[in-house]
Structure formats: C-alpha cells, structure tokens
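A look at the structure
For reference, the chains in residue letters:
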Amino acid sequence: MAEALEAIEGVRVARRNVENKDLSEAGEYLALKALTDAEERLMAAVMTDDFVACQRHFLNVLVEFLEGGR
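A short tour of the structure in this document, coming up. (Residues numbered from 1 in each chain as written. Predicted model: local features only at pLDDT ≥ 70, side-chain atom pairs only at ≥ 80, totals over all residues. Heavy atoms only, no water.)

1. Focus: the environment of alanine 14
Secondary-structure assignment places alanine 14 in helix α1 (residues 2-18). You can call alanine 14 buried: its relative accessible area is 6%. Sequence separation between alanine 14 and leucine 32 is 18 residues; the distance between their C-alpha atoms is 7.8 Å. What alanine 14 contacts, discounting residues up to four positions off in sequence, is Ala34, Leu35 and Ala38. (Helix = DSSP H or I, 4+ residues; strand = E, 2+ residues; numbered from the N terminus. Buried < 20%, exposed > 50% of the residue type's maximum accessible area, 1.4 Å probe, protein only. Contact = heavy atoms within 4.5 Å.)

2. Some details on the packing of α1 against helix α2 (residues 25-46)
One can describe the packing of α1 onto α2 by two numbers: an axis separation of 8 Å at closest approach and a directional angle of 160 degrees. Taken together, the axes of α1 and α2 are roughly antiparallel relative to one another. As α1 runs across α2, the sense of the crossing is left-handed. Here α1 contributes Glu3, Ala4, Ala7, Ile8, Gly10, Val11, Ala14, Arg15, Asn17 and Val18 to the contact with α2, which in turn contributes Ala31, Leu32, Ala34, Leu35, Ala38, Glu39, Arg41, Leu42, Ala45 and Val46. Split into classes, the residues belonging to the contact of α1 with α2 amount to 14 nonpolar, two polar and four charged. (Axes fitted to C-alpha atoms, helices over the stretch in contact; angles between N-to-C directions. Parallel < 35°, antiparallel > 145°, perpendicular 65-115°, else oblique. Left-handed = near helix turned anticlockwise from the far one by under 90°. Nonpolar A, V, L, I, M, F, W, Y, C, P; charged D, E, K, R; others polar.)

Taken by themselves, the reported measurements are silent on function.
Set out below in structure tokens:
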C-alpha cells in the first residue's frame, strides 16, 4: 500500500511539473518522460497481488459496514 501511495504522489508531482509554463522544449520533454515513468510505477504498484488483496479486504470491510455489521 505504501508503494502505491508513494507512486500516486510521484504522479501528482510529475503532473504539476508538466504544467509548468516556463519549461523549454527539452524541459517539457523531460517532464513528460518523468510523468510517463511515474504513471508506469503507479500501474506496477497497483497490479501486485498484495495490493489486490488489500483492495479485496477493504471492499469486504466496506460491504460489512454498509450491511450493518452482519
């Protein structure tokens, strides 16, 4: 989970860097490359078995809560 949260923050920072209007053409290219890399790290983080198991557990807990703790 920590890896996914770290990757989300990486994407957020990279997106902000891409929006920088003061970048040169080379800087824009490098910012877009960094964004692509960050997005790939995020995808890799959320596709792990551990993350999927965590999501499944969270969903089960949420369903139990919504059903009134049956």
